[in-house]
Amino acid sequence: MRFTFKAYNSSGKIVNGEIDAEDHFTALNILRADNLSIAKLESQTKKRHSLWHRDVSKHVAFFFRQLAVLVDSSTLEESLAAMKSQRDNQFLFELTNFLHDQISNGRKFHDALERYNFDRTEIFSEYVIGMVRVGEESGKLQQIFELLANFLEKDFIRREKFQSSLIYPKILFGIALVAMGFLLTFILPTFANLFERF
């Protein structure tokens, strides 16, 4: 399987390229063995984030919820190392590996989040990054992670309700289109023929 990647080398420079590997996990390990910090790794046969907006926002909320629990009893770097084993979720697997690499290299967490946004639809908003920065400067990351998890979970629920509220009008609009099509195709021609006889 062929993957395209975008990464940072040990000097902080951007590296773009392609790699052949058996699967996503193998490709990631090969690149990390070359001391690359992965910003983007995508299969050429299947796009990575077809699940975007709703699913990714849900995963980000879960990510901060886990961090809030873990950093209460360990360091941020240790917490990210523990989360790296989640191979069943490709998004979280890539995210935690990238962030762990960045933190291990001495980068601030808010800066690592900004780097993860590189060449992506914005995954971490300015609000989220700003709050993390405040948490780092105040030494209250655990409380900030808890706050962000609550905020993002509520935002996800609000979005879901909004999407659901749009379904009924869409159904009605669809029915109206079908009815109009039936009227124009079958009913009006019948009346037109009747009027032609008079």
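Residues numbered from 1 in each chain as written. Predicted model: local features only at pLDDT ≥ 70, side-chain atom pairs only at ≥ 80, totals over all residues. Heavy atoms only, no water.

Caption draft 1: Spatial organisation of helix H5 (residues 109-116). The element H5 is extensively covered by neighbouring structure, given that 6 of its 8 residues are classed as buried. Every buried residue of H5 is accounted for by Phe109, His110, Ala112, Leu113, Arg115 and Tyr116. (Buried < 20%, exposed > 50% of the residue type's maximum accessible area, 1.4 Å probe, protein only. Helix = DSSP H or I, 4+ residues; strand = E, 2+ residues; numbered from the N terminus.)

Caption draft 2: The arrangement of the sheet that holds strand E3 (residues 37-43) in detail. An order of E2-E1-E3 is seen for the 3 strands of this open sheet, with the pairing classed as antiparallel. The two strands at the open ends of the sheet, each matched to only one other strand, are strand E2 (14-20) and E3. Ignoring which end each strand starts from, the neighbouring axes of this sheet average 20 degrees apart. As paired elements, strand E1 (residues 2-8) and E2 share 7 bridges and run antiparallel to each other. Note on E2: the bridge partner recorded for alanine 7 is valine 15. Together, E1, E2 and E3 form the strand contacts of helix H1 (residues 24-33), whose direction differs from that of E3 by roughly 150 degrees. On top of the sheet, helix H4 (residues 90-104) reaches E1 and E3; it is set at about 160 degrees to E3, its chief contact. (Pairing = 2+ DSSP bridges. Axes fitted to C-alpha atoms, helices over the stretch in contact; angles between N-to-C directions. Contact = heavy atoms within 4.5 Å.)

Purely geometric stuff here, so don't read any function into it on its own.
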